[in-house]
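Survey of secondary and tertiary structure
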Amino acid sequence: MFEAWLPVLLLLPLVTSVPPPFGTPPRTCRRCCDHLEGAPARNQMPEIRTYINMTILKGDKGDRGDKGTPGKAGAEGPPGSRGPMGPKGTKGQAGSPGDACKTQHAAFSVGRRKALHSVDYYQALVFDTVFVNLHEHFNMFKGKFYCYVPGIYFFNVNIHTWNFKETYMHIMHNDQEKVILYAQPSERSIMQSQSIMLSLEQNDEVWVRLYKRERENAVYSDDVDVYITFNGYIIKPSLE
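Below you will find a few notes about this structure. In this text the structure is predicted, and so the values were computed from the model without any measurement.

For the protein chain, the helix and strand inventory stands at 1 helix and 13 strands. In the protein chain, buried positions account for 28% of the 240 residues. Residue pairs at least 24 apart in sequence account for 73% of intrachain contacts in the protein chain once pairs closer than 6 positions are excluded. Per element, the accessible surface of the protein chain, about 18,700 Å² overall, is 56% carbon and sulfur.

A few words on unusual backbone geometry. Of note, Glu136 is a non-glycine position whose phi angle comes to about 55°, a positive value. Within the secondary structure, Glu136 is located in the loop between β4 (129-133) and β5 (138-139). Taking the relative accessible area as the measure of exposure, Glu136 reaches 33% and is therefore partly exposed. A positive phi is found at Asn203, a non-glycine position, where the angle reads about 70°. Structurally, Asn203 is set in the loop between β10 (191-200) and β11 (205-210).

Between two aromatic rings, the relevant description is the distance of the centres plus the angle of the planes. Overall, the coordinates contain 17 aromatic pairs when judged by the stated rule. The interplanar angle of 20° and the centroid separation of 5.2 Å between the aromatic rings of Phe108 and Phe145 together place this pair among those described as stacked. Here Phe108 is found in strand β1 (residues 107-112), whereas its partner Phe145 is found in strand β6 (residues 144-146), with 37 residues between them in sequence. Comparing Phe108 with Phe145, the two get one shared label, buried. On the basis of an interplanar angle of 40° and a centroid distance of 6.2 Å, the ring pair of Phe108 and Phe155 is categorised as tilted. Here the residue Phe108 occupies a position in strand β1, and Phe155 occupies one in strand β7 (residues 151-160), the gap between them amounting to 47 residues. Seen from the ring of Trp162, Lys165 lies directly overhead, with NZ or CZ sitting 4.1 Å from the centre. For Arg209, the ring lying beneath its charged end belongs to Tyr122, and the centroid distance is 3.8 Å.

One finds Phe145, Tyr153, Phe155, Met169, Leu200 and Phe230 to be the most contacted residues of the largest nonpolar core, which totals 28 residues. Mapped onto this core, the elements with two or more residues apiece are β1, β7, β8 (167-173), β9 (176-183), β10, β11 and β13 (228-237). For this core, the element with the most residues is β7, which contributes 4 residues. Not counting chain neighbours up to four residues away, the residues in contact with Phe145 comprise Ala106, Phe108, His137, Phe138, Tyr153, Phe155, Leu200, Asp204, Glu205 and Val206.

To continue, consider the sheet that holds β10. Within the open sheet, the 5 strands sit side by side as β4-β1-β13-β7-β10. Their pairing is antiparallel. The open sheet has two free edges, formed respectively by β4 and β10, since each of these has just one partner strand. Each strand axis lies, on average, 10° off the axis of its neighbour in the sheet, ignoring direction. When β7 meets β13, the two strands line up antiparallel, connected through 8 bridges. Within β13, the position partnered with Phe155 by the bridge is Gly232.

Criteria and cut-off values
Residues numbered from 1 in each chain as written. Predicted model: local features only at pLDDT ≥ 70, side-chain atom pairs only at ≥ 80, totals over all residues. Heavy atoms only, no water. Helix = DSSP H or I, 4+ residues; strand = E, 2+ residues; numbered from the N terminus. Buried < 20%, exposed > 50% of the residue type's maximum accessible area, 1.4 Å probe, protein only. Contact = heavy atoms within 4.5 Å. Areas by Shrake-Rupley, 256 points an atom, 1.4 Å probe, with all protein chains shown as cover. Phe/Tyr/Trp six-rings, centres within 6.5 Å; stacked < 30°, edge-to-face > 60°. Lys NZ or Arg CZ within 6 Å of the ring centre and 35° of its normal. Core = buried A, V, L, I, M, F, W, Y, C linked by side-chain atoms within 4.5 Å. Pairing = 2+ DSSP bridges. Axes fitted to C-alpha atoms, helices over the stretch in contact; angles between N-to-C directions.

Okay, here's the thing in structure tokens:
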């Protein structure tokens, strides 16, 4: 039996290895999934994408730009609450009068009720009683008359000396000594007076100065009566 099939078995390899007839193209091998839609083409190269790291290419910080134009002002806010009232200020010095052609009058008369003793420096004699102070040209805090109406003025000072003490005073025109009021030490106190006329310009000052201490120097008062007075008034204005 086996011997009968032996020639057939020997011919099978020859039949399978015989090439196809001339002119028939060879068949290519295909995968079973090549016909599916979207399947990659045969022998296709992979896509290469370039990636650039931008942090490596970052440059230096640039200069600051110009200042832009200011924007529109915002809406006005509501007013704040009213603050507490401050303390009352001291009385100020009277301002200069109006037209000199209309104001041609100036006069004052003041007094002092307190005694005064000399010290190691000059003292301006200040006053605590007002009899007349027209337009407040006399400054009670400084003891000085300020000229707001230029012209010729008359001034007079009266004091009471202190027994056994010297009295040494000047009527001053600005910083210049004009006339002296002097009394030597005596066992009796007396009234002393001095007067002068002065030509004054705008803002000139006239006042009484107690001399500094070299000897016992004082003017007397008893805090009740007025022993010390200073008076002045205009005689002739410069402009009429």
